[in-house]
Amino acid sequence: MLEAARERFAADGYDRATIRAIARDAGIDPSMVMRYYGNKAGLFAAATDIDLRLAPLGALPAKHIGAVLVEHFLDRWEESEVLTAVLRVGVTNAAGAERMREVFKGQLGPVAAGVCPDPLDAPRRAALAASQILGMALARYVLRLPPAADMSREEVVAWLAPTIQRYLTAERP
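One structure accompanies this document, and this report is about it. (Residues numbered from 1 in each chain as written. Predicted model: local features only at pLDDT ≥ 70, side-chain atom pairs only at ≥ 80, totals over all residues. Heavy atoms only, no water.)

## Quick look at the overall build of the protein
Then step 1. Per the secondary structure count, the protein includes 10 helices and 0 strands.
Then step 2. Taken along its principal axes, the extent of the C-alpha atoms in the protein is 55 × 35 × 25 Å.
Then step 3. A burial count over the protein gives 44% of its 173 residues as buried.
Then step 4. Accessible surface, the protein: about 9200 Å² in total, of which carbon and sulfur atoms supply 56%.
Then step 5. Separation of charge centres in the protein, based on 21 positive and 21 negative side chains, amounts to 4 Å. (Helix = DSSP H or I, 4+ residues; strand = E, 2+ residues; numbered from the N terminus. Buried < 20%, exposed > 50% of the residue type's maximum accessible area, 1.4 Å probe, protein only. Areas by Shrake-Rupley, 256 points an atom, 1.4 Å probe, with all protein chains shown as cover. Lys, Arg positive; Asp, Glu negative; His and termini not counted. Charge placed at Lys NZ, Arg CZ, Asp CG, Glu CD.)

## Structural notes on helix α4 (residues 40-47)
Then step 1. Turning to α4, its buried residues number three or more, namely K40, L43, F44 and A47. Taken down its axis, α4 places every buried residue within 100 degrees of arc, on the same side.
Then step 2. Looking at the buried residues of α4, the elements they touch are α1 (2-16), α2 (19-26), α3 (30-37), α6 (81-90) and α7 (94-115).
Then step 3. If you check the start of α4, you find a side-chain oxygen 3.2 Å away from the backbone N of A41, and it comes from N39. (Arc of directions from axis to C-beta. Contact = heavy atoms within 4.5 Å. Polar contact = N/O pair within 3.5 Å; in protein donor to acceptor, adjacent residues only side chain to side chain.)

## Considerations on the side chain of D121
Then step 1. Tracing the backbone through its elements, the reader meets D121 in the loop between α7 and α8 (122-142).
Then step 2. The buried category is assigned to D121, whose relative accessible area is 7%.
Then step 3. Looking at D121, its side chain comes within polar contact range of the side chain of R124, at 3.2 Å.

## Examining helix α10 (residues 153-169)
Then step 1. Compared with the 24 Å implied by 1.5 Å per residue over 17 residues, the 23 Å span of α10 between its first and last C-alpha is a close match.
Then step 2. Looking at the packing, one finds that the buried side of α10 touches α5 (65-79), α7 and α8. (Expected span 1.5 Å × (residues − 1).)

## Brief notes about the pattern of salt bridges
Then step 1. Tallied over the full model, the rule gives 11 salt bridges.
Then step 2. Between R153 and E78 there is a salt bridge, and its shortest N-O distance comes to 2.8 Å. On the criterion of sequence distance, the pair formed by R153 in helix α10 and E78 in helix α5 is long-range, its members being 75 residues apart.
Then step 3. Each of D75, E78, R140 and R153 takes part in a single network of salt bridges with overlapping partners. (Salt bridge = Lys/Arg side-chain N within 4 Å of Asp/Glu carboxyl O.)

## A few points about the nonpolar core
Then step 1. Residues V70, W77, F104, L108, V156, I164 and L168 are the most contacted members of the largest nonpolar core, which totals 36 residues.
Then step 2. Counting only elements with at least two residues in this core, the list comes to α5, α6, α7, α8 and α10.
Then step 3. The leading source of residues in this core is α8, at 10 residues.
Then step 4. Counting 12 residues, the second largest nonpolar core, distinct from the first, contains I22, A23, F44 and A47. (Core = buried A, V, L, I, M, F, W, Y, C linked by side-chain atoms within 4.5 Å.)

## What to know about the packing of α5 against α8
Then step 1. Where α5 meets α8, the closest approach of the two axes is 11 Å, and the angle between their N-to-C directions is 40 degrees. With respect to α8, the element α5 is oriented oblique. By crossing handedness, the relation of α5 to α8 is classed as right-handed. Seen from α5, the contacting residues are F73, L74, W77 and E78; seen from α8, they are I133, L134, A137, R140 and Y141.
Then step 2. Grouping the constituent residues of the contact of α5 with α8 by class yields 7 nonpolar, no polar and 2 charged. (Axes fitted to C-alpha atoms, helices over the stretch in contact; angles between N-to-C directions. Parallel < 35°, antiparallel > 145°, perpendicular 65-115°, else oblique. Left-handed = near helix turned anticlockwise from the far one by under 90°. Nonpolar A, V, L, I, M, F, W, Y, C, P; charged D, E, K, R; others polar.)

The following block contains the structure:
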């Protein structure tokens, strides 16, 4: 059922996806969806349960943190349509936006706290890093803007890594 929901949300977006269509795709009665998830928002939250699989970066030499993080996110975007679906929904729907906020706050926030000079500044630094990562993902994987979509991975890393590096590890301006 969750796979059917992921595919339907990715294809139709949150607003156009229906419980009936998702249930039909999964080959189940719509009442089962309601029984297990309560409503469409509950199903969306379960279907978009995302583990970014971010490892603590504190053991890395500081100069490599930006590149490692950008490469990791490129891997995640390219291996899972779920992230693209949630991003697509997140820019048009409050439930999708909240889901993205939860994922990045809960998973990128602790990584930022582990590497930034002042852990109290970690939420700001995580938000800045997320703005770059999500911006590239939107341009590259959702909008497919030719310059961003056509760049090699190496080019994306070369351009983004120094900015992510600065956001996470540089002294506060």
